[in-house]
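Notes for the structure review
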Amino acid sequence: MHVPGGRLCGVLALGVLLGACREAVHEPAAPEETRTVYLVSHGWHAGLVLRRADVPPALWPEQQDFPAAAFLEVGWGDSAYYRAPDPGIGTLLKAGLWPTPSVLHVVGLRRPVTASFPQSEIIRVEVPAAGLAAMAAYVHAAYAREADERARPLGPGLYGESLFYRARERYHVFKNCNTWTARALRAAGCPIKPAGILTVGDLLARARAFGEVVQEAAE
């Protein structure tokens, strides 16, 4: 079939254009895989709760101390105050006024988070899978241990299936339990600045900006 020269150029140009459009079409990017972290208020400090199945064992080997747990709660604080059944004002002042030894408190939870802490405000935060791994590595780095050995428990914790562990850092008023928790969230990629966080109220207010409150505190 004879196609006039001008029309032929137009056909060729249209073919090139359609080919370019076809090449420019891209498959939509797959949504990034996320993991859920819970921030639980305990009145004067907050704990972080992670699903145990989401925690790479190599990044947090001490989680193997809780083989029956579905979730793990972790908190950090002054050793004397955190572990005392009834801490007095002297223990509180000592913890706040100068650097003191610290501990980690880890709890193995078998029930869902809201059922485990029915009186607490709970904020759900979605983080990238890599962010949760970074948070687990942050927690693991907080343990005080000898060489590459797994940290050994100091003794039973405050409630449920829980244990205390000696921690590396020193506690003081400007590096307290809520600051430590904010740093853990930042390690996971959350948009939070730990500086200036002193109280659990400070921590929760900042976390509500990027998390979802799934349970209000009981009156």
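Calculation rules
Residues numbered from 1 in each chain as written. Predicted model: local features only at pLDDT ≥ 70, side-chain atom pairs only at ≥ 80, totals over all residues. Heavy atoms only, no water. Helix = DSSP H or I, 4+ residues; strand = E, 2+ residues; numbered from the N terminus. Buried < 20%, exposed > 50% of the residue type's maximum accessible area, 1.4 Å probe, protein only. Contact = heavy atoms within 4.5 Å. Axes fitted to C-alpha atoms, helices over the stretch in contact; angles between N-to-C directions. Parallel < 35°, antiparallel > 145°, perpendicular 65-115°, else oblique. Nonpolar A, V, L, I, M, F, W, Y, C, P; charged D, E, K, R; others polar. Arc of directions from axis to C-beta. Pairing = 2+ DSSP bridges. Polar contact = N/O pair within 3.5 Å; in protein donor to acceptor, adjacent residues only side chain to side chain. Core = buried A, V, L, I, M, F, W, Y, C linked by side-chain atoms within 4.5 Å.

Mapped onto the secondary structure, R83 falls in helix α2 (residues 79-83). The exposure class assigned to R83 is partly exposed, which follows from its relative accessible area of 39%. Sequence-wise, R83 and G155 are 72 residues apart; in three dimensions their C-alpha atoms are separated by 9.6 Å. Residues contacting R83, with those up to four places away along its chain left out, are D78, V103, L154 and F164.

A few words now on the packing of helix α5 (residues 129-142) against helix α6 (residues 177-187). Remark: α5 packs on α6, axes separated minimally by 7 Å, with the N-to-C direction vectors making an angle of 140°. On the basis of their axis angle, the class for α5 and α6 is oblique. The residues of α6 that touch α5, namely those facing G131, A134, M135, Y138, V139 and A142, are W180, R183, A184, L185 and A187. Partitioned by chemical class, the residues of the contact of α5 with α6 number nine nonpolar, one polar and one charged.

Taken together, the buried positions of helix α7 (residues 200-207) are occupied by V200, L203, L204 and A207. Projected down its long axis, α7 carries its buried residues within an arc of 95°, all on one side. The inward-facing, buried residues of α7 abut β1 (34-41), β2 (46-51), β5 (122-128) and α6.

Further remarks concern the sheet that holds β2. Strands in a sheet are paired, the pairing made by backbone hydrogen bonds, and the direction either parallel or antiparallel. Taking strand neighbours across the sheet as the criterion, the eight strands line up as β6-β7-β4-β3-β2-β1-β5-β8 in an open arrangement whose pairing is antiparallel. Each having just a single partner strand, β6 (153-156) and β8 (212-215) make up the two edges of the open sheet. Between one strand and the next, the sheet's axes are offset by a mean angle of 30°, whatever the strand orientation. Bridge count for strand β3 (residues 71-78) against strand β4 (residues 102-109) is eight bridges, and the pairing is antiparallel. When the bridges of β4 are listed, F71 appears paired with L109. Packing of α5 onto the sheet brings it into contact with β1, β2, β3, β4 and β5, and relative to β5 it is tilted by some 110°.

Relative to the helices and strands, N178 is located in helix α6. A polar contact of 3.3 Å, which involves the side chain of N178, links it to the backbone oxygen of L198. N178 has contacts with W44, H45, A46, I197, L198, T199, V200 and L203, leaving out every residue within four places of it along the chain.

Moving on, we get to the nonpolar core. Of all hydrophobic cores here, the largest spans 41 residues; its most connected members are L39, L48, W60 and L104. By residue number, the principal contributor to this core is α5, which donates six residues. Not counting chain neighbours up to four residues away, the residues in contact with W60 comprise L50, V55, L72, V74, V106, A136, V139, H140 and Y143. Judged by nonpolar contacts, the second largest core, of nine residues, contains Y38, V40, V113 and I122.

Before going further, it helps to spend a moment on the pairing of strand β7 (residues 161-166). As defined by bridge partners, β4 adjoins β7 across six bridges and the pair is classed as antiparallel. For L104, the partnering residue across the bridge sits in β7 and is Y165. Of the pairings in the sheet, the one linking β6 to β7 comprises three bridges and is antiparallel in character. Counted as the bridge partner of P156 is L163 from β7. Between β6 and β7, which follow one another and run antiparallel, lie four residues, and G160 among them has a positive phi close to 60°.

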